[in-house]
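Residue-level listing of the chains:
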Amino acid sequence: MQKYFVWLAAALLAAACTKDGNTIFVPDPNEEKASTAPLVTVVYDANALGDHSYNDLIYEGVERVAQELGLRTMQLSPQSTEEVLQYLELMFSQMEAAQDSVRRLFVVTSPGYDEFIRKNNHRLESNPNADLLYLETRTPLEGKGSTLFLSYYGAMYEGGRILSALEEAHGLLIGANHQTPAVTDAMQGFTDGYEAGLKLLTEHQISLCHLSSTYLDETGAEGFSVSDTVAMRLLRQWLKDTDLLIPVCGGASKTFLRLIGSSFWGGNIIGIDVFHDSYYSPYSIVKHIDRAVAQSIRQWINDGAMPKHQLLGIKEGYTEVILNSIRDLYIWVPEGYTGTTAPRLTLEMKQEMHEEAVRKEEEYEH
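Residues numbered from 1 in each chain as written. Predicted model: local features only at pLDDT ≥ 70, side-chain atom pairs only at ≥ 80, totals over all residues. Heavy atoms only, no water.

A. Main features of the nonpolar core. Within the largest apolar cluster, 51 residues are counted, with the highest numbers of intra-cluster contacts made by Leu163, Phe190, Phe256, Tyr283 and Ile285. One finds Tyr44, Leu105, Leu133 and Trp300 within the second-largest nonpolar core, a separate group that totals 26 residues. (Core = buried A, V, L, I, M, F, W, Y, C linked by side-chain atoms within 4.5 Å. Buried < 20%, exposed > 50% of the residue type's maximum accessible area, 1.4 Å probe, protein only.)

The structure is reproduced here in structure tokens:
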């Protein structure tokens with residue numbers, strides 16, 4: 001109650017009357033003024049945040065660079081496709097109509113709304129202080145806005161080469177769906193690297209290796225999340241014939257990793273997007289989307305504009321394969337192994353595979 005009266009007294013003191021009875025308001029000199037710092041607004045795909053993977057990396061990257069540069073942020077996590085489109089329309093409307101001099105950057109993280117973005121990005125041309133960063137597309141925008149694409153092909157290729165160098169390795173590629181190019185490109189890269197490695201093996205060694213693939217969503221564009229109940233059922237099914245899982249399926253990857261690490265499943269899993277330093281994860285294929293988005297924001301602030309289109313990948317260090325320190329380059333000893341030494345990946349072998357992956361990604365993207 002005391003706080004109410006203090007507020008009321010302040011309000012009355014801030015008002016005065018002229019002799020004609022008209023009320024005038026005297027601004028409070030201690031009142032905080034609205035910030036004019038640049039504003040970065042990020043719109044995610046439906047239910048994307050909280051995946052402990054690609055989307056959470058973007059969130060963290062934006063917040064870090066905002067603190068570094070003194071920016072304001074607004075990160076929007078829609079609950080449905082319809083809500084995503086509402087947010088997109090709202091952002092375009094606000095940036096189109098803004099009359100102040102505040103710099104505003106609008107970041108769209110998903111290529112799932114490509115048609116809407118390309119039909120509406122021209123609306124920003126009337127506002128010289130507004131800009132757009134559109135992620136995960138190889139095709140530059142016509143008109144205003146910049147695009148950023150992180151190629152996963154090279155890092156996944158290197159990951160496939162590593163798997164082919166291991167004796168008696170049985171891998172299962174798990175894609176979210178057939179519809180998302182980032183998923184299919186990554187799976188293609190891993191498969192190409194694996195098959196390239198097989199060419200260096202003897203017929204007997206090849207007979208001991210196996211790589212297959214499956215999708216969590218066979219018909220649609222989902223498959224980036226999975227419940228614990230469904231994940232456990234799938235793990236029981238997959239790990240009957242598989243030593244290693246390669247889950248290219250966003251947040252679902254984290255679910256599989258957590259369940260394998262908390263129970264005895266007898267399998268291993270590769271960390272995807274984010275490094276996983278776990279005994280059950282011999283190596284990780286990492287995508288530094290947080291660094292890439294942060295760098296684009298720095299370009300927007302420090303250089304005054306972002307490049308029209310950026311293609312970044314393994315050569316630039318925005319994707320990479322990281323070996324698990326727990327394994328100390330010994331990937332794993334297969335059950336029943338009778339050799340004199342454990343299967344081993346040396347640093348020299350990995351460097352050769354890395355250089356090959358850089359070349360292959362350049363060929364793939366150009």
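B. Main features of the packing of aromatic side chains. Under the criterion given, the structure shown has five aromatic pairs. Pairing Phe92 with Phe106 gives two aromatic rings, centres 5.3 Å apart and planes at 80 degrees, and the pair type is edge-to-face. With Phe92 in helix H3 (residues 81–97) and Phe106 in strand S5 (residues 104–108), the pair connects residues that are 14 residues apart, well separated along the chain. Since its relative accessible area comes to 0%, Phe92 is described here as buried. With relative accessibility at 0%, the residue Phe106 sits in the buried group. Measuring from ring centre to ring centre gives 6.0 Å for Phe92 and Phe116, while their planes differ by 50 degrees; the resulting arrangement is tilted. Here Phe116 lies in helix H4 (residues 114–120) and Phe92 lies in helix H3, a separation of 24 residues in the sequence. In textbook terms, an aromatic cluster arises when at least three aromatic residues are bridged by ring pairs, as seen for Phe92, Phe106 and Phe116. The side chain of Arg103 reaches across the aromatic face of Trp300, ending 4.5 Å from its centre. (Phe/Tyr/Trp six-rings, centres within 6.5 Å; stacked < 30°, edge-to-face > 60°. Helix = DSSP H or I, 4+ residues; strand = E, 2+ residues; numbered from the N terminus. Lys NZ or Arg CZ within 6 Å of the ring centre and 35° of its normal.)

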